[in-house]
Amino acid sequence: MGDIQELKDKVEKFCTDRDWDQFHSPKDLAIGVITESSELLQHFRFKNDAEMKQILKDKRAEIGEELADIMFFILRFAQMYDFDLKSEIEKKIAKNEQRLPIDKSKGKNRKYDED
Ligand SMILES: [Mg+2]
């Protein structure tokens, strides 16, 4: 995942070349994550399973762009405020492995202690 640093560097260059540090408070970057997530969600609004499957084929490029937009803001947040995304995701997965043991959560979409 040395790729993450490479992507953070690209995002940083893109933004600093444009003098955008001034606009990228933690709040505004978090708004960016949500706004772009909403744009992703909009593709699937009111669609049933079959329609969503078709949209994934027909609108693949647009959906990929929204994923990139979301990732851009996550990378920019991590870059500006010094979060190690590789370490954060590894810690979170380890935490969830403890919280959601396989024998109690396999095939279930609810937390085992909510049943
Ligand atoms: Mg977008």
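To be clear, the structure that these remarks concern was listed above.
Below you will find a few notes about this structure. (Residues numbered from 1 in each chain as written. Predicted model: local features only at pLDDT ≥ 70, side-chain atom pairs only at ≥ 80, totals over all residues. Heavy atoms only, no water.)

1. So, the overall build of the chain
In terms of helices and strands, the chain carries six helices and zero strands. Ordered by position from N to C terminus, the α and β elements of the chain give α-α-α-α-α-α. Its C-alpha atoms give the chain a radius of gyration of 18 Å, more than 25% over the compact-globule value 13 Å for 115 residues. Over its C-alpha atoms, taken along the principal directions, the chain stretches across nearly 50 × 35 × 25 Å. Burial statistics for the chain: of 115 residues in total, 20% are counted as buried. A fraction of 64% describes how many contacts in the chain between residues 6 or more apart in sequence connect residues 24 or more apart. Considering the chain, the positive charge centre built from 22 side chains and the negative charge centre built from 26 side chains are found 6 Å apart. (Helix = DSSP H or I, 4+ residues; strand = E, 2+ residues; numbered from the N terminus. Rg over C-alpha atoms; globule rule 2.2 N^0.38 Å. Buried < 20%, exposed > 50% of the residue type's maximum accessible area, 1.4 Å probe, protein only. Contact = heavy atoms within 4.5 Å. Lys, Arg positive; Asp, Glu negative; His and termini not counted. Charge placed at Lys NZ, Arg CZ, Asp CG, Glu CD.)

2. Details of the environment of Gly64
Here Gly64 lies in helix 4 (residues 60–80). Residues Gly64 and Leu40, spaced 24 residues apart in sequence, show a C-alpha to C-alpha distance of 9.0 Å.

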